[in-house]
Amino acid sequence: MSLIVKICGLSTPEALDVALDAGADMVGFVFFPASPRNVALAASRSLGARVHGRARKVALTVDADDELFDAIVENLQPDLLQLHGRETPPRIAALRQRFGLPLMKAIAVETKSDLAAIKTYEPVADRLLFDARAPREATRPGGLGKSFDWHLLENLDLKLPFMLSGGLDAGNVAEALRITGAPGVDVSSGVESVPGVKDPDKIRAFIHAAREAAARFDQAKVASPA
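Cut-offs and rules
Residues numbered from 1 in each chain as written. Predicted model: local features only at pLDDT ≥ 70, side-chain atom pairs only at ≥ 80, totals over all residues. Heavy atoms only, no water. Helix = DSSP H or I, 4+ residues; strand = E, 2+ residues; numbered from the N terminus. Rg over C-alpha atoms; globule rule 2.2 N^0.38 Å. Buried < 20%, exposed > 50% of the residue type's maximum accessible area, 1.4 Å probe, protein only. Contact = heavy atoms within 4.5 Å. Areas by Shrake-Rupley, 256 points an atom, 1.4 Å probe, with all protein chains shown as cover. Lys, Arg positive; Asp, Glu negative; His and termini not counted. Charge placed at Lys NZ, Arg CZ, Asp CG, Glu CD. Axes fitted to C-alpha atoms, helices over the stretch in contact; angles between N-to-C directions. Parallel < 35°, antiparallel > 145°, perpendicular 65-115°, else oblique. Left-handed = near helix turned anticlockwise from the far one by under 90°. Nonpolar A, V, L, I, M, F, W, Y, C, P; charged D, E, K, R; others polar. Core = buried A, V, L, I, M, F, W, Y, C linked by side-chain atoms within 4.5 Å. Arc of directions from axis to C-beta. Polar contact = N/O pair within 3.5 Å; in protein donor to acceptor, adjacent residues only side chain to side chain. Salt bridge = Lys/Arg side-chain N within 4 Å of Asp/Glu carboxyl O. Pairing = 2+ DSSP bridges.

Caption draft 1: Examining the overall build of the protein more closely. Summing up its helical and strand segments, the protein has 7 helices and 10 strands in all. In terms of C-alpha radius of gyration, the protein reaches 17 Å, essentially the compact-globule figure of 17 Å for 226 residues. Over its C-alpha atoms, taken along the principal directions, the protein stretches across nearly 55 × 40 × 35 Å. Classification of the 226 residues of the protein by burial places 50% in the buried group. Intrachain contacts of the protein at a sequence separation of at least 6 include 57% that bridge at least 24 residues. Carbon and sulfur atoms make up 51% of the accessible area of the protein, which amounts to about 10700 Å² in all. Across the protein, the mean location of the 27 positive side-chain charges is 2 Å away from that of the 29 negative side-chain charges.

Now the structure itself:
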């Protein structure tokens, strides 16, 4: 399993450096004022420059308008746009044409019926991200540290690569990978001490646990007869 590990919601040079040094494949920056992980455009410029090509830079937005996207692309120079709102297929197609960047669309999952959205976004997205559905009273999308029933993703037949998010941490990422076979994992609150504040030890532990689990599964596949 060539696992992709993404650390999201990075907002300080210190946390970013830890994620990079620990071997994150993707580093995510949130552009959504309602989030405690929101990063200012000016800060994103300096953070993005700090990456130096060591990981793919991901810009997370929620129903952002063209003006904000223009500013994000100019300042962060992202490698991937992550859409976490109610963006429609035409909107996604328009963003790809405007910026020429790959897009990852988040799909909120609570029940099996939520997976019907896969058919909606497969034709236009480059990657999908499955996250827990936010509680009804939530002021922002995403699982907010909660997981969903990973068994819903068992034996998925997808045309696109996907990532798993929502409630992941160093203690459960191996089980999540075992059940879903996800080729990528995305964590934010699971590597924080308090909302919006990344914990260096938790970042390192998560990446180590994810890599170790992926290597173990790879060894098991090699050992098993075809």
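Moving on from the coordinates now.
Caption draft 2: How the structure looks around the packing of helix α1 (residues 13–21) against helix α2 (residues 41–51). With their axes 10 Å apart at the nearest point, α1 and α2 run at an angle of 25° to one another. The angle between the axes of α1 and α2 places the two elements in the roughly parallel class. Here α1 and α2 pass one another in a crossing that is right-handed. Counting all contacts with α1, which are made through P13, L16, D17 and L20, the residues of α2 involved are L47, R50 and V51. A per-class count over the contact of α1 with α2 returns 5 nonpolar, no polar and 2 charged.

Caption draft 3: Geometry of the nonpolar core. The biggest cluster of nonpolar side chains holds 65 residues, and the ones touching the most others in it are I7, V27, F29, L128, F130, V185 and F206. The greatest single-element share of this core, amounting to 8 residues, is contributed by helix α7 (residues 200–223). Setting aside chain neighbours within four positions, we find F130 in contact with I107, V109, L115, I118, F148, L153, L156, L158, F162, M163, L164 and S165.

Caption draft 4: Main features of the packing of α2 against helix α3 (residues 66–76). As a packed pair, α2 and α3 sit with axes 8 Å apart at the nearest point and diverge in direction by 35°. Between α2 and α3, the residues in contact are L41, S44, R45 and G48 and L68, A71, I72, E74, N75 and L76, respectively. The residue makeup of the contact of α2 with α3, split by class, is 5 nonpolar, 3 polar and 2 charged.

Caption draft 5: Region of the structure containing α2. Restricting attention to buried positions, one finds in α2 the residues S44, L47, G48 and V51. Around the axis of α2, the buried residues are gathered within 100° of arc, so they sit on the same side. Elements in contact with the buried residues of α2: α1, β2 (26–31), β3 (56–61) and α3.

Caption draft 6: Seen up close, the environment of S113. Structurally, the position occupied by S113 is in the loop between β5 (103–109) and α5 (117–121). Of the residues examined, S113 reaches a relative accessible area of 54% and is grouped as exposed. In this structure, the C-alpha to C-alpha distance between S113 and G171, residues 58 residues apart in sequence, is 28 Å. One polar contact links S113 to T111, side chain to side chain, over a distance of 2.8 Å.

Caption draft 7: Highlighting the pattern of salt bridges. Applying the stated rule across the entire model yields 16 salt bridges. Ionic pairing is found between R98 and D70, a salt bridge with its closest N-O pair at 2.8 Å. Of this pair, R98 sits in helix α4 (residues 89–99) while D70 sits in helix α3, and the two are 28 residues apart along the sequence. The exposure class assigned to R98 is partly exposed, which follows from its relative accessible area of 42%. Residue classification places D70 among the partly exposed positions, given a relative accessible area of 31%. Among the ionic pairs, D114 bridges to R133, the shortest N-O distance being 2.8 Å. With D114 in the loop between β5 and α5 and R133 in the loop between β6 (127–132) and β7 (162–164), this residue pair connects regions lying 19 residues apart in the sequence. The class for D114 is buried, based on a relative accessible area of 15%. Ionic contacts of the salt-bridge type, sharing partners, join the residues D66, D70, R91 and R98 into one network.

Caption draft 8: Region of the structure containing the pairing of strand β4 (residues 80–83). Of the two faces of β4, the one lined by L80 and Q82 and the one lined by L81 and L83 are each fully buried. Summarising the sheet, β3 and β4 pair through 4 bridges and their orientation is parallel. If you follow T61 over to β4, its bridge partner there is L83. When β4 meets β5, the two strands line up parallel, connected through 3 bridges. In the strand pairing of β5, L81 is matched with L103.

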